[in-house]
Structure formats: structure tokens, C-alpha cells
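Listed below are the residues making up each chain.
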2 protein chains.
Amino acid sequence: MSRFRLFSRARVLARCLSSDVAWRLGRLNHVAIAVPDLEKASALYRDVLGADVSQSVALPDHGVYTVFVNLGNTKIELLHPLGENSPISAFLKKKPSGGMHHICLEVDNINKAIESLKTHDIKPIDAQPKIGAHGKLVVFLHPKDCGGVLVELEEA
Amino acid sequence: MSRFRLFSRARVLARCLSSDVAWRLGRLNHVAIAVPDLEKASALYRDVLGADVSQSVALPDHGVYTVFVNLGNTKIELLHPLGENSPISAFLKKKPSGGMHHICLEVDNINKAIESLKTHDIKPIDAQPKIGAHGKLVVFLHPKDCGGVLVELEEA
């Protein structure tokens, strides 16, 4: 094992042993892309790139239609506005051709993750986690706290 | 198996049997994030989120410093400008806090993928693939052809 990897593991061990860490970061659940035309975007991934693409599912609580592109190790989530107050509408006004919207990271305990992140001045956008696309608790962290990236946490 | 999955598999089979398909899409190799401060971004993923984070590597041919965040199933690539003509400098001028830059999809044969994509009017930005961060051939596809998303293909 290289000196770097030993050092890196020592850091992770030190973090695990510290009193405020009672949660673990997991895998990249998905990367989300906002699209102005859901059928056209689905066709790009399905018919041109040959990926396994789901049907569209409406999530009224989040103001989106979602389509998942299964890439084997993780997924791309295609997002299209649903309803008048969809957060995707504002995004598409700025980027009419669509674009990368957020990344979703899995955590094993979302409430403990939120508590821990607050001690680093990283606050969730909504006060409480909501049920997300997979029927699991999710919460969004503001891009200004996460290097310009909207980060969704999902309890896996 | 649901009717949808049967239909989806039939599509993939039809695509495989068509004469122009001699390549396969693979996994999401990484999602890339441009960052104005590489050490600060590394610290967020390493010390706050507890991920396994690599040291910085310079890639002068691509005009970037890269750091990889290993998430188990895939990676986040943090990108920082290297040199005066770095493509990341222009990106950070528009988004000074940083942001999501591209996704990288694996393919089993990059030249056959490029040939096939050209028949769908999706053209690579550079005429020929270059050697990328993992010592493998990579090519970038223009966002205007890919629903607003800069897509890197890597021969895995």
C-alpha cells in the first residue's frame, strides 16, 4: 500500500473515531440533468447511446418528471418540469438547451449527516428531508456551501 | 419481466443487430466538477464528507490539474486550470464558485463509437481521441449535440 493510501486511510479512521461522525458517505446514486424535451433526451441515451432507459415518472412533490438512465454502476436522472412552480423551470430559463443539475450522494443516516454537516456550516435547503424518486429520504445542500454544485443526499 | 423491460431489451437487441453498431456503452467513469480552489474542494470531500480523495495530478495536454474522489461505484473528478489556455479558466469566468463541468461515459471501442455517433450528427470536439487522465483514449462531444451536457467518452 502506498504512503498516500496509508495516509488517506489514517485520515478516514481519525474521522470515524471522532465523536461527531455517526454516518458514512456511500456511492454516487445518480447525476441529474435538466432537459427541455424528455422524449428527445430519452431517445439520445436509449437509441443513440444504447443505454437502458426507464419510462417517465411524475413526482409532483418535487415538481419534476424523472427518467432514469441505467449505466450499470450508477444512473443518470433526466429531469423535466412538472407544474408551475417546478425548480427545473427556473434552471431551463437560464439554460434553455438543458444542462447538469445536481449530483446525488448516498448516506447511511441522513439525519446524522445533516447534523454533522451543520457543524461545518453546510445547511440543507429544506428544514426536513423529503421522500425522493426512490421512495427514500432525500435532502438538498445549497451550491454555495458545496463548491458551486447542488448536492442531493439520499438515505440508501 | 415487465412488458416495458421486454420492450426495452428488444430495442437494445435491435440496435445490436443493426449494421452500424460495433461498440457498447459502459459505466459512468466520472462526473467532473470545475473548482476555483483545489485544496478547499478536496477538503470538502475528504474531511467533511469522508470520501477517499487522491492527490492532485497535472495533465498539461488537457490544461488541468485533476483530483479524483473515489465513491466506490464511480468517481468525481475535480478540475482546476493549468496554464494560460486551460478550458477550465473560461468555465470559471462564467461560474467563479465552480460547478459541474462534464460527465464521462465508458465505451469499449472509441473509434467505432465516434463513427456511429457521426451518423446521428453528434461530432467530437477534437478530430482524434487524446490520452486522458487514466492513460486511456478520450474524446469530448459538444454540449449542443448532447442536450446541453459536455460528454467525455473514454475507451475502458
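**Q** Talk me through the overall build of chain A; I want residue IDs and the actual numbers.
**A** In terms of regular secondary structure, chain A is built from 4 helices and 9 strands. Taken from N to C terminus, the helices and strands of chain A fall in the order α-β-α-β-β-β-β-α-β-α-β-β-β. Relative to its 156 residues, chain A shows a buried fraction of 51%. Per element, the accessible surface of chain A, about 7700 Å² overall, is 55% carbon and sulfur.

**Q** Explain the pattern of salt bridges to me, and be specific about the residues and the numbers.
**A** Oppositely charged side chains may form a pair once their charged atoms are brought near each other. Under the criterion given, the structure shown has 10 salt bridges over all chains. Taking the shortest distance from any N to any O, the salt bridge between Glu39 of chain B and Arg46 of chain B comes out at 3.0 Å. Looking at Arg46 of chain B, the relative accessible area reads 16%, which means it is buried. For Lys123 of chain B, the salt bridge identified is with Asp121 of chain B, shortest N-O distance 4.0 Å. The class for Asp121 of chain B is exposed, based on a relative accessible area of 52%. One network of salt bridges, in which partners are shared, links Glu39, Arg46 and Asp47 of chain A.

**Q** Outline the interface of chain A and chain B, supporting the account with residue identities and numerical values.
**A** Every contact between the two is made by 45 residues of chain A and, on the other side, 45 residues of chain B. Carbon and sulfur atoms make up 66% of the area that chain A and chain B hide from each other, which totals about 3900 Å². The three residues of chain A that bury the most area against chain B are Leu49, Asn73 and Met100 of chain A, which together make up 17% of that side's buried surface. The tally of links from chain A across to chain B stands at 0 salt bridges. Here chain A is connected to chain B by 3 residue pairs in polar contact (both at pLDDT 80 or more). Contributions of two or more residues to the side of chain A that touches chain B are made by α1 (3–17), β1 (25–34), α2 (38–48), β2 (52–53) and β6 (99–107) of chain A. Of the residues that constitute the side of chain A that touches chain B, the class distribution is 22 nonpolar, 15 polar and 8 charged.

**Q** Run through unusual backbone geometry, naming residues and quoting values.
**A** Look at Asp121 of chain A: it is not a glycine, yet its phi comes out positive at around 65°. Within the secondary structure layout, Asp121 of chain A lies in the loop between α4 (110–118) and β7 (130–131).

**Q** Kindly report on the relation of the copies chain A and chain B, identifying the contributing residues and their values.
**A** When chain A is fitted to chain B, the best match, at an RMSD of 0.0 Å, comes from turning it 180° and sliding it 0.0 Å along the axis. Overall, the copies show the geometry of a two-fold rotation axis. Relative to the rotation axis, the C-alpha of Asn73 of chain A is the closest in chain A, positioned 2.8 Å from it. Both copies contact each other with a shared surface, as 100% of the interface residues of chain A are interface residues in chain B too.

**Q** Break down a positive patch on the surface for me, citing the residues and quoting the values.
**A** A cluster of basic side chains, namely Lys94 and Lys95 of chain A together with Lys94 and Lys95 of chain B, defines a positive patch on the protein surface. As for its placement among the helices and strands, Lys94 of chain A is situated in helix α3 (residues 87–94). Note on Lys94 of chain A: relative accessible area 75%, which makes it exposed.

**Q** Account for α3 of chain A, with residues named and values stated.
**A** Residue and element names in this part refer to chain A. If you check which residues of α3 are buried, you get Ile88, Phe91 and Leu92. Within α3, the buried residues cover an arc of 95° as seen down the axis, which keeps them to one side. Structural note: α3 exposes Lys93 and Lys94 on the side pointing more than 90 degrees away from its buried face. Contacts from the buried residues of α3 go to β1, β4 (64–70), β5 (75–81) and β6. Near the N-terminus of α3, the side chain that reaches the backbone nitrogen of Ile88, with its oxygen 3.1 Å away, is that of Ser86.

**Q** Lay out the packing of aromatic side chains with the relevant residues and their values.
**A** Two aromatic rings are characterised by how far apart their centres lie and by the angle between their planes. For the structure on display, the rule yields 0 aromatic pairs over all chains. One Lys or Arg, Lys75 of chain A, reaches over the ring of Phe68 of chain A and ends 5.9 Å from the middle of that ring.

**Q** Mind laying out the nonpolar core, listing which residues take part and the relevant values?
**A** Nonpolar side chains in soluble globular proteins tend to be buried together. If you look at the biggest cluster of nonpolar residues, it comprises 68 residues, and the most contacted ones within it are Ile103 of chain A together with Ile103 of chain B. Once you skip the residues sitting within four places of it in the chain, Ile103 of chain A turns out to touch Leu28, His30, Val31, Val149, Leu150, Val151 and Glu152 of chain A together with Val31, Ile33, Tyr45, Ile76 and Met100 of chain B.

**Q** Tell me about the state of the cysteines, residues and numbers included.
**A** Such a bond, covalent and formed between the sulfur atoms of two cysteines, is termed a disulfide. All names here are of chain A. Using the criterion set out here, one finds 0 disulfides over all chains in the structure. With no disulfide of its own, Cys104 lies 13 Å from the sulfur of Cys146, the closest cysteine sulfur. Classification of Cys104 as buried rests on a relative accessible area of 0%.

**Q** Go over α4 of chain A with me, naming the residues and quoting the values.
**A** Within α4 of chain A the residues assigned to the buried category are Ile110, Ala113, Ile114, Ser116 and Leu117 of chain A. Buried residues of α4 of chain A, viewed axially, fall in a sector of 165°; they line one side. In this structure, the buried residues of α4 of chain A make contact with β6, β8 (137–141) and β9 (151–155) of chain A together with α2 (38–48) of chain B. The N-cap residue of α4 of chain A is Asn109 of chain A: its side-chain oxygen and the backbone nitrogen of Asn111 of chain A are 3.3 Å apart.

Calculation criteria
Residues numbered from 1 in each chain as written. Chains lettered and ligands numbered in written order. Predicted model: local features only at pLDDT ≥ 70, side-chain atom pairs only at ≥ 80, totals over all residues. Heavy atoms only, no water. Helix = DSSP H or I, 4+ residues; strand = E, 2+ residues; numbered from the N terminus. Buried < 20%, exposed > 50% of the residue type's maximum accessible area, 1.4 Å probe, protein only. Areas by Shrake-Rupley, 256 points an atom, 1.4 Å probe, with all protein chains shown as cover. Salt bridge = Lys/Arg side-chain N within 4 Å of Asp/Glu carboxyl O. Contact = heavy atoms within 4.5 Å. Buried area = accessible area lost by both parts, 1.4 Å probe. Polar contact = N/O pair within 3.5 Å; in protein donor to acceptor, adjacent residues only side chain to side chain. Nonpolar A, V, L, I, M, F, W, Y, C, P; charged D, E, K, R; others polar. Least-squares fit on C-alpha atoms with pLDDT ≥ 70 in both. Patch = residues over 30% accessible without salt bridge, like charges linked within 9 Å, V, L, I, M, F, W, Y side chains within 5 Å. Lys, Arg positive; Asp, Glu negative; His and termini not counted. Charge placed at Lys NZ, Arg CZ, Asp CG, Glu CD. Arc of directions from axis to C-beta. Phe/Tyr/Trp six-rings, centres within 6.5 Å; stacked < 30°, edge-to-face > 60°. Lys NZ or Arg CZ within 6 Å of the ring centre and 35° of its normal. Core = buried A, V, L, I, M, F, W, Y, C linked by side-chain atoms within 4.5 Å. Disulfide = S-S within 2.5 Å.

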